[in-house]
Structure formats: structure tokens, C-alpha cells
Protein chains: 2
Amino acid sequence: MERAGGGLMTNIKDVAERAGVSVATVSRVLNGRSPVAETRERVLAAVRELGYRPNNVARALRTARTGALGLIISDLTNPFFTELADAVEDAARSLGYSLVIGNAGERPDQQDDYIRTLLDRRIDGLLVSSAGTGSAMLSEAVASGTPLVLLDRTVPGIDAPCVRADGHGALTDLAAHLAALGRRRPAIIVAPGGTPTGDERLELFRTALAAHGIALPDERVGATLDLQHTGGRRVMSDLLDLPEPPDAVLATDNLMALGAMDELRARGLRVPDDVALVVYDDVPWFRHTDPPLTAIAQPTRDLGRAAVHTLLECVEGRRPDSVLLPARLVPRRSCGESRAAD
Amino acid sequence: MERAGGGLMTNIKDVAERAGVSVATVSRVLNGRSPVAETRERVLAAVRELGYRPNNVARALRTARTGALGLIISDLTNPFFTELADAVEDAARSLGYSLVIGNAGERPDQQDDYIRTLLDRRIDGLLVSSAGTGSAMLSEAVASGTPLVLLDRTVPGIDAPCVRADGHGALTDLAAHLAALGRRRPAIIVAPGGTPTGDERLELFRTALAAHGIALPDERVGATLDLQHTGGRRVMSDLLDLPEPPDAVLATDNLMALGAMDELRARGLRVPDDVALVVYDDVPWFRHTDPPLTAIAQPTRDLGRAAVHTLLECVEGRRPDSVLLPARLVPRRSCGESRAAD
DNA sequence: CCGTTCCATGTAATCGATTTCATCCTTGGC
DNA sequence: GCCAAGGATGAAATCGATTACATGGAACGG
């Protein structure tokens, strides 16, 4: 079974022959073990002349370490996850690992498919920003002994460390911010079907508002069908049709916020004059909208870095704790000028 | 060297024992070769009971096929490339391949690093959307016999098929569009240091304008230092400071367009009233800006799909041609209303 | 000067699959 | 009833590395 391109990859045996030593010696030189200066030189010369590069597949088989990490991401076209992936990739590479990306596209079956593939590839560890809640393969992944770390989203039955942002402080600040600006009828747009993340953001927001005597009644809690822009738009439309429409809206995902903005603009409503708008996830684009959007910024790059470090602790046999990094409020102009409320 | 987690991965030998057959038979059953119905059942039962999954590393070593493709992308946080990566990932997965992503971050050295890693991993094929022009590792990649396809960007000395979009038609349409709207002083913002892509877009735009008797003098050709938002903003500022500032600007990359928009807004200039703005790459966000931006849309998903198909042809030993897919103009409101010019 | 130690190196086992080749059994034709 | 053919199966080679173990020579202490 000849390799298609007529590949002329040299192997360790070629190097050994050329240098007049055994393959063991070559291996030792390349891995910085014993050999004496003179032999070492001959081997390195042979390596250079032949352009030899060790076959990682063979090495992985023998050592049971592939040097690759897997990342399952819920949606590659969502800028929040993109930035997360970018950070993870960066951290992984700087530690000598490469990254196999699986895009679950918010579909649990596809996610399972990918987890299976990655396990078959014997990646050294797996990072999962899970789509949906229940996932059969996730339990199988922990059962297989492959180090696993959850990213951004927890999964109820899964016993693995989770790295994510804590919205408590930011949502508390946000409630105060809105209260100070005189907003009395807040609303929230959350992800479909009671995901842990969405539920948590809702509860935190609600109790934070309550501290200022502001209610968040159920009719102003809009659940989208998808996590996309169209879902956000539809829900915003419903909210605006209420007898008492909201004067402030928090969208718990950036794509949904985009849809919400479109609906506001389509109705000729102004931000922040008619409705204040706040978005979860501070993706760069929101700094350039008109007006710039007040956002709850998750420490995306830190999350990515922390996730990789946590995962590598697992790989080395330790059992690290979950990581919670604080999100923070980034006030811009989409809720109104602060001084206008003083 | 025990696997850290105390992994209990079963191997083909376990299955063979349990089914009371040889490993060869197990392998044959799993690969759909000869065995008779009854043996087959016993093997499959054993596989099921043990939860056996073949070790892809071992399989790859033996068959010299890893079932993985590599994708080197210039900038993972650029939405155009994200969509491209998403499309590639989709196409690859649907054909049974998984995707290892390398993020070059527009740095040639990092790109080389990644190509090396991917070659060491013996990926079955490599897609490269190259950062910069000269790349030593790229030649080494072709030399190694690894199938290679260039994506979106050509690279002068490299003899490999290239899949990209052809801006000719779109830029011709754009020139007509601008001429019809009475714009007489166009400008262009291009990538730094005369990249093949930037040069080509500039030349096409210039000749298309010439057909309408409109000149694109060198002082209205702004080259950025980086491909990022800040570069775009700086160049836009320089253009506006010209004695004869442009009345229409084409930004040849979406991040640069974003910077350009910010500069316009900061100066209180209105789009399209004061300056028309056109962006290369129709990323979803530009549909939601105010006003929605006229864009040159590359067939991103088709490019991704075509790239994977072309690459797999190489993998199967053929020598496919380069692919050129037409980009098209998507007129929105950022150049002014069409009827206003009639 | 001999025996122990240690170091560089080679030989061969190993990782977990696929695949060639040999073997055995069944089947069928004459 | 015998021989050829063919199908199912097993034993063993193989992919390309790492590494445990064996070996041989140099250095060194007593």
C-alpha cells in the first residue's frame, strides 16, 4: 500500500544506516538521552542531510501520548466561541500540544460523533463546550479514562472539572446600573429549553434586580428557539408587543443580541432612548455598533488558558478543581449616559 | 508506562479472546471482509459487550492513512476565515475525515511551525490559507509528498492547486455601481506589503473603474500595516486628510472595513452621504450595521467544500486543477440608493 | 592486576492494528 | 471416491517509533 504521492518520507532506520548506528541510538540522540558527543554529531548530521522528521503516529502508538488535545465547540461561527477556540489553540500550542477542533454546531448527535472520533484518535485530553444537556458519549469519555474538562457550560451528570465565567458580580453591577438609570421594566432573552447556563443567568439577574426593588416577571423572560440571530429577533418582537413593553433588555448571547437590535431598528425604536440593550459576551463587533453596546464581558482568553492548564493537570494524573473566573460589566452607551440619570 | 487515568481501553486482542477467535478475524469482521455469519455475530457481540473501539493510532501506522486533514488558517478571529473553517470542517466530516486546525495568526514563522507539526502527525492532506508570501515549510510539504491545496491565497513558488474566489465580475459590477451613483473619487484600502491577493484586487478594481473613465490614483491607494481594524482606521484617516478626499472607499478585508467605519463615525461623517463604503467579504455582521454595508461576497462555504474535494482528489492520486469561484456584488445601502442616481 | 561499576551502544520486545501467507475444511465436478 | 477450488481462519510479518535488557569496553579502586 504505497502512499499516493510517492511519498519519500525517511524513517529512523534510514537515519541509523546513514549514521552507521542502530535505531536505538538515533532515538536516544533525538530524545536527549545518553550518547557521546561524536556519535551524536554523526546522527544529527544524518538527520539534517535526510531531512528526517520522526513519525508522530508511531511514536504515539508506543508512548500512548499523541500530543494532541481535542476541543468540541458548540458553534464555530459564534464569535464568542471563536475567541475561546483561538485562546485554547494558543495555550495548547505554547505548551507543545496541537488542537483537533470539532464543531458540534449546537447538535448533540454531531457532538457525540465527534467525541467518538476524538477518543478513537487517542487524543491526550478533551475540552468540551457542550451542546445540549444529556450526552451519552460524554459519560463514555470519562469512562474511557480520557482526561476531560468542561468549558463554559456545565453538564449535570458529568463528573469533570469545569472552567467557566461567574456572572454574579457583573449581573449585580448591571442591576445597579439599570436601576441608577431609572429603568423599571427589564426583560431577558435566554437560550432555549432551560439550559443550566441560561437558567443561572436568569436567576442571578432576577435576584440582583430584586435588591433594587425591581421585578423580572415571567412574561418578560423570553426563551428563544435557537441560539441564533433569528431567535433573538422573534423574541424581541414578542417582548415589544407586550402591554407593558420592557425599557431594558439583556440578551444572554451575542447572536441573539444581534437579532434583537435588528428588530428594534426595524421598528424605528432607538437605543438607548426607547430601550436599553445589554449583551452577554463582549465580542469586538459590539464596540463598533451605533451606539456601542454595554456588555457583560467574559474573560474569554483567560478561560481558554485556564481550561488548557486544568486539562493538562488531569493529563498528569492530578484531579484539579473547577475554575470560576469573574465576568465584568463593560458600560457603554446602550443603556443611556450615566450622568443623565444623576 | 501506564496511561494516567488508569484507562481501561480494550484492544483487539481482548475482543479476540472473548469471541474465541484470532485478532485477524476480528479485524476482518470490523472491516467487512470474509467471515461467516455465525463467527461475525460472536465477534460483534464481544465488541458490544466490551465497548471496544479500534485504536486509530495503530490503524494509521499500519495503513499510512490517519483520516485527518490539516487546515492552516491565517486568523481564526477573522469572521471570513471562521466561516471558511466552518465550511471546511463540515465538508471534511461529512466525508469521514476530521480536521486539525492550525491558527497561523498572520505570522509566517508560526505557520511554518504548524505545517511541521501537521506533517509529523502524518495528516492525509493539508489545506493552507497562507500568511505572508514565502514559506520554507510549504515547499517542504510538497516535497514530502503530502497532498497540498492552497486556499483563498496563492503562493508564488508553490506548485499546488489553489481554490479561491475570482473578484473580476464583482469588481466590474462595483465600478459600474459606483459610476452610476456619481462617485468620482474612489479609494481602496489594501493589505500590507503587496500580497498577491491585495495586488490583484487593486488592479481589477482600477481597470474596472477605468472603463467608466474614473481614475484610481496612487495617493488614494492606502496600504495598511496590519490586516486589522486599527490599520484600517489609520489608513482611512490618511485618506480623509487628502486635499481631495475620496467619495467612495473599498476596504479589501472585513476587519479593515470595521476600522474605516469607526474613523468615519469619529469624524461625524455619514455613510453613504459623505462617503460610500464597500467591504470585501460579506460577513453576517455587516448586514446589521447602520447602514447595511454593500459587500463583495465570496462564496465562502462553496470555497470550503471545493477545497476539501480538491484535496481529496490529490489524496487519491489525481492532480486536480485549481478552482476559481466567482465572487459577487451585494448592493446594500452604504453607497446610496440606486434610484437616487437614475 | 583483577574485579566491579558505569556508560555507550546494540538487540529485540512492544504498542495495536492490518494484511500476507499458510492451513484446514468444505464443496463440487467428474 | 478423488482431486481441485475456494472460503474461513490463524500465525506471523509489518508499520516506525521507544525502551527494557544484554553486551562489551573503559575507568577505577583496592
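Residues numbered from 1 in each chain as written. Chains lettered and ligands numbered in written order. Predicted model: local features only at pLDDT ≥ 70, side-chain atom pairs only at ≥ 80, totals over all residues. Heavy atoms only, no water.

A. Summary view of the layout of surface pockets. By volume, the largest pocket is sized at about 1,100 Å³. Taken together, 46 residues make up the lining of the largest pocket; nearest its centre are Pro 79, Thr 82 and Trp 285 of chain A together with Thr 77 and Pro 79 of chain B. Secondary-structure elements contributing two or more residues to the lining of the largest pocket are helix H5 (79-94), helix H10 (229-240), helix H11 (254-266), helix H12 (300-315) and strand S12 (328-330) of chain A together with helix H5 (79-94) and helix H11 (254-266) of chain B. Sort the elements by how many residues they give to the lining of the largest pocket and H5 of chain A lands first, with 6 residues. Grouping the amino acids of the lining of the largest pocket by side-chain chemistry returns 14 nonpolar, 18 polar and 14 charged. (1 Å grid on protein atoms, 1.4 Å probe; cavity = no way out; pocket = protein on both sides within 12 Å on 5 of 7 lines; lining within 4 Å. Points joined across faces, edges and corners; volume = space filled by probe spheres on them. Helix = DSSP H or I, 4+ residues; strand = E, 2+ residues; numbered from the N terminus. Nonpolar A, V, L, I, M, F, W, Y, C, P; charged D, E, K, R; others polar.)

B. Just the pattern of salt bridges, in detail. Following the criterion strictly, the structure yields 42 salt bridges over all chains and no others. As a salt-bridge pair, Glu 49 of chain B and Arg 18 of chain B come within 2.7 Å of each other at their nearest N and O atoms. Within this pair, whereas Glu 49 of chain B is found in helix H3 (residues 37-50), its partner Arg 18 of chain B is found in helix H1 (residues 12-19), the two being separated by 31 residues in sequence. A residue is classified by how much of its surface remains accessible, and Glu 49 of chain B, at 51% relative accessible area, is exposed. One salt-bridge network, in which partners are shared between bridges, spans Arg 233, Asp 241, Glu 263 and Arg 267 of chain A. (Salt bridge = Lys/Arg side-chain N within 4 Å of Asp/Glu carboxyl O. Buried < 20%, exposed > 50% of the residue type's maximum accessible area, 1.4 Å probe, protein only.)

C. Focus on the interface of chain A and chain B. Counting residues at the interface gives 60 residues for chain A, matched by 61 residues for chain B. Taking both partners together, chain A and chain B bury about 5,500 Å²; carbon and sulfur atoms supply 57% of that area. Counting the surface chain A buries against chain B, the share from its top three residues, Arg 122, Trp 285 and His 288 of chain A, is 15%. Salt-bridge contacts for Arg 53 of chain A lead to Asp 120 of chain B; the nearest nitrogen and oxygen are separated by 2.6 Å. At the junction of chain A and chain B, the tally comes to 18 residue pairs in polar contact (both at pLDDT 80 or more). Looking at the side of chain A that touches chain B, the elements that each hand over two or more residues are helix H4 (56-63), H5, strand S2 (98-103), helix H6 (108-120) and H11 of chain A. Grouping the constituent residues of the side of chain A that touches chain B by class yields 26 nonpolar, 22 polar and 12 charged. (Contact = heavy atoms within 4.5 Å. Buried area = accessible area lost by both parts, 1.4 Å probe. Polar contact = N/O pair within 3.5 Å; in protein donor to acceptor, adjacent residues only side chain to side chain.)

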